[in-house]
Amino acid sequence: MLRTFKQHQIRPTESLDGRWDFIAARDRKSGTDSLPRKYNRTIHVPSVWEKLPGFETYRGKAWFRKRISGHPKRTVRLVFGGVAHQATVFIDGKECGRHYDAYSMWDLVLPNLNDKHHSLVLEVSNQFGSDSALHKENDYYSYGGISRPTEIQWVPEVFIERIHAVPKIAANKWKLSIKIRLQNWTRQDLSRKLVINFNNEQWEIGNNLIKAGQSLEIETSLDALKVKPWNVKNPFLYNIQAVLYADEQPVDDLIDRVGFREVKVKGRNLLFNGKTIRLRGFNRHEDHPNFGNAIPLEAMANDLEIMRDMNANFVRTSHYPNDQRFLDMCDEMGFYVWEESHARQAPFEHPRFREQILAVTSEMIDWHMNHPSIITWGCLNECESNTAKGKKYFRDVINLIRKSDPSRPVTFASNKRKDDMCLDLVDIVSWNRYDGWYDHYGNGIQSIGPELDEMLKWLHSPKSKGGSGKPVIMSEFGAGAIYGFRCKNYDKWGEEFQAKVLDAALEVYLNHKDIAGAAIWQFCDCRVTPQWSMSRPRTMNNKGIVDEYRRPKLAYDVVKEQMKKAELKHKK
Ligand code: ADA
């Protein structure tokens, strides 16, 4: 399933997960200019091919094939949770769509497929280079494959594509501002009646004409709702269902979920339903030694249980949108989430950068809008925010975020310190700092407090050119440790050294009156690309509090204790 809950009662759907035919370019004898006639094996979907013995380091192309069936009166819509990272879709040998980026959900409507069986083929590549600005050699691994759940749906002439529901409170009454997007894939104008079912009540939204081949966005508002608010202690969720009628017959539906909460910035604080909150948690890569980034639901749930055990209430989806099922579980368990579009030290000069960053940012918000756990949108991690040229990109991406969703604050994680030129563009200032690891090794931990105070003094002065008075999140800090390397000399890479740095950093960041949140880098060790191997023992980023198998390092108990102390302090 694409989500942790059922999204349709009327629309027929079917999972395409399971065995697909598979062949890699390196195994094709007759060249790769045309689609394969033969497939030499099958592969499970979702998965990454790097988990197939012999494919551990395969960077190239592969083809996936599955038989699908049409429908006499409807057409086929394919929904992909994520394909890593360049996909070209063929139906019966004809190209019918493309998508770039592993971390965005996307769909394809295939009009007029008759009700016979058809051959669906995906050509997938995890290659870097001139076509890929966001997936590149990096301090995390870009895998290859159909790495998230995939679904086939059979939709009527006009179907419900998306529901966006934004909760707002006024005079102590909750309301939902709703936008529903309908798509008419036929060549004729069609009229349809729309109904919304919410909290055991029904709202008729009347008849709407949808022009041939076009989408129509319908706005409405459900007012004076008797609902319980969503918060991390009591994450109350409500289903919202849109139903479409043709000639008084229900022909389509879409169910999504909402939680009633408002996130605002007030001075140097983050307000959540009017109360100041303090964030404490982790940066988490979607990475696992047995699954790559195709992490099964149970393993995702286990990650959140481990974070909860360490008294965390916050997770940053570094550095890309996550599997929606992970976000669903954050909604269900009660976590605050910083989700960001895919970029880590991205090359603005890359010929495809602009189009790709705008596309993935738009897809992130369009598909993930309704998650109550997402409290801020992030972007452009440690990108060029220290130049006038770079600021143009920051301004365009942040403007796109604000236009797509005015309801959430915006931030980006910066390592540019006093050279940053983009702090006027954000609502929340976020800093990546590694005092005691990259900086000031040796006496580094004594510098954490003084360095922070020096930065805050600069920030809340005119010198920061727009950062003054804004909340601050310490978006990354930490140290590396190789699991099992114990070292009483407190040498680097030893678990003792990492625990000492984390203890000192959390003592400062979780208790400073002007720090609204802190996210440790990082939750678990993760695989990186070979180019990083000189500075990354095991070709892994070893700053996890647990290793890649989620085995706790010495720092685990230090983090747990520091976060418990902070939870008790801020509850007061
Ligand atoms: C940066 C970056 C992270 C990771 C970290 C590290 O802050 O944002 O992705 O690379 O450094 O481990 O050095």
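Residues numbered from 1 in each chain as written. Predicted model: local features only at pLDDT ≥ 70, side-chain atom pairs only at ≥ 80, totals over all residues. Heavy atoms only, no water.

A. Layout of the side chain of serine 385. With respect to the element layout, serine 385 can be found in the loop between β24 (374-378) and α4 (388-404). If sequence neighbours within four positions are ignored, serine 385 has contacts with Phe394, Phe412, Ser414, Lys416, Asp419, Asp420, Met421 and Cys422. (Helix = DSSP H or I, 4+ residues; strand = E, 2+ residues; numbered from the N terminus. Contact = heavy atoms within 4.5 Å.)

B. View of the packing of helix α3 (residues 353-368) against α4. Interaxial distance between α3 and α4 falls to 10 Å at its minimum, and their mutual angle equals 25°. Between α3 and α4, the interaxial angle falls into the category roughly parallel. In this structure, α3 meets α4 at a crossing whose hand is right-handed. Between α3 and α4, the contacting residues are Phe353, Arg354, Ile357, Leu358, Thr361, Ser362 and Ile365 on the first element and Tyr393, Asp396, Val397, Leu400, Ile401 and Ser404 on the second. (Axes fitted to C-alpha atoms, helices over the stretch in contact; angles between N-to-C directions. Parallel < 35°, antiparallel > 145°, perpendicular 65-115°, else oblique. Left-handed = near helix turned anticlockwise from the far one by under 90°.)

C. Up close: the pairing of strand β28 (residues 472-476). A large share of β28 lies buried, amounting to five of its five residues. With four bridges joining them, strand β27 (residues 429-432) and β28 adopt parallel strand pairing. Looking at β28, one finds that valine 429 is bridged to valine 472. Looking at chain direction, β28 and strand β29 (residues 517-520) are connected through two bridges and run parallel. Residue pairing for β29: methionine 474 is matched across the bridge by alanine 518. In this fold, the crossover linking β28 to β29 by way of helix α6 (residues 495-509) has right-handed handedness. (Buried < 20%, exposed > 50% of the residue type's maximum accessible area, 1.4 Å probe, protein only. Pairing = 2+ DSSP bridges. Right-handed = clockwise from strand over helix to strand, strands pointing away.)

D. Spatial organisation of unusual backbone geometry. Between valine 45 and the following residue, proline 46, the backbone shows a cis peptide bond with an omega angle of 0°. Residue position: proline 46 is located in the loop between β3 (41-45) and β4 (61-69). Cis peptide bonds are those with omega within 30 degrees of zero, and the linkage from tryptophan 521 to glutamine 522 qualifies with 5°. The backbone phi angle of glutamate 382 is positive, close to 50°, even though this residue is not glycine. Note on placement: glutamate 382 falls in the loop between β24 and α4. By relative accessible area, which is 11% here, glutamate 382 ends up buried.

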